[in-house]
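# An overview of the molecular structure
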Amino acid sequence: MDFQALLDGINADLRPQLGKEGRVACYIPALARVPISKFGMALRTCDGVEAACGDSAAPFSIQSVSKLFTLTLGMRLLGDALWERIHREPSGNPFNSLLQLESEQGVPRNPFINAGAIAVADRLVSTLGANAKPGLLEMLSSLAGEAIFFDDEVAASEAETGFRNLALANLMKSFGKIDNPVATVVDFYFHQCALRMSCRQLACAAGYLCRDGAHPQEGGNEVVSERQARRLNALMLTCGTYDAAGEFAYRIGLPCKSGVGGGIVAVVPDTLTLCVWSPAVDASGNSVLGTRALELFASRSGLSIF
Ligand code: GLU
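Residues numbered from 1 in each chain as written. Predicted model: local features only at pLDDT ≥ 70, side-chain atom pairs only at ≥ 80, totals over all residues. Heavy atoms only, no water.

### Side note on the pairing of strand E2 (residues 40–45)
Counting buried positions over the six residues of E2 gives six, a clear majority of the element. Judged by which residues are buried, E2 turns out to be covered on both faces: Gly40, Ala42 and Arg44 on one side and Met41, Leu43 and Thr45 on the other are all buried. Judged from the five bridges that link them, E2 and strand E3 (residues 50–54) form a sheet pairing that is antiparallel. Bridge assignment links Arg44 to a residue of E3, and that residue is Glu50. (Buried < 20%, exposed > 50% of the residue type's maximum accessible area, 1.4 Å probe, protein only. Helix = DSSP H or I, 4+ residues; strand = E, 2+ residues; numbered from the N terminus. Pairing = 2+ DSSP bridges.)

### Quick look at the pairing of strand E9 (residues 272–277)
In terms of residue burial, E9 counts as a mostly covered element, since six of its six residues are buried. Taking every second residue as pointing to the same face, both faces of E9 are buried, with Leu272, Leu274 and Val276 on one and Thr273, Cys275 and Trp277 on the other. In this structure, E2 lies alongside E9, joined through six bridges in antiparallel fashion. Its bridge partner being in E9, Met41 is matched across the sheet by Val276. Sheet topology note: the strand E8 (residues 263–268)/E9 ladder contains six bridges and is antiparallel. Its bridge partner lying in E9, Ala266 is registered against Leu274.

### With respect to the site of the ligand
Around the ligand, the surrounding shell holds 14 residues, and the nearest of these are Gln63, Ser64, Glu158, Tyr189 and Tyr242. For the ligand, a nitrogen atom lies 2.6 Å from a polar atom in the side chain of Gln63. In this structure, Glu158 approaches the ligand through a side-chain N or O atom, which is 2.6 Å from a nitrogen atom. In isolation the ligand offers 290 Å² of accessible surface; the protein chains occlude 98% of this area. Class assignment for the residues of the shell around the ligand results in seven nonpolar, five polar and two charged. (Near = heavy atom within 4 Å. Polar contact = N/O pair within 3.5 Å; in protein donor to acceptor, adjacent residues only side chain to side chain. Areas by Shrake-Rupley, 256 points an atom, 1.4 Å probe, with all protein chains shown as cover. Nonpolar A, V, L, I, M, F, W, Y, C, P; charged D, E, K, R; others polar.)

Structure representation (structure tokens):
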């Protein structure tokens, strides 16, 4: 398949719609400044073939896409013990909701809502201590094949306005489900959300998800086991796109993880990983043009897990 022509066609068809629908997430002040008229897409196949279009090399705030990588690190370090305090069901609620957490005694529905990612962050801080932030950067840099950094301005902006995330962490702490000081755990969480990566780097870094867990750069090495890679894909499909996972499965049919920065990572198992970015998001938090681009990609390529 000519992937470059496929991406060029999607880019040409969607560019005229840039900035017409959706809004840049503005509840984090540093994100509100991102120009709305950006669109990029990149993919990398299991054989290392790459294709990209538009703003595919521009770094952006990956936000909740980071939850995929912290979950990966958690599964790697803790195996099944990670699931002692996190469920694996779609929440049916907004990603930052406190309601369910109260009625379910501080155990988050899944690792991709904020409460679940904060619970994963707590386990990473327990396991890695002061090395948690450098350890995450090291894993991502190795996966992407390039140095990856936090955007300290975005992390600070999140810390100034992250009242709900603090509330979620405190609520879990009140149920005895967070071991470390809340301030330390949310500091790690705010930094993971503030990772800056481009579509190209993300398409490359997520490569283990289409390779049964094998490292995208160092073929012989395992990032996660084949069984864990399958499970990460299952969680992406059922819980990876906020409260629109059913719609994503219906329209696109690929495991995806999105973030309010407008990025979405998608996996075609055994074939390729793909990342699309366009900052205007819809009411559920998914990139409007990113969603449309993935839909065009799936229908034009015929690639879907169904
Ligand atoms: N940093 C954002 C928050 O915690 C992440 C939201 C997202 O991308 O879903 O609210």
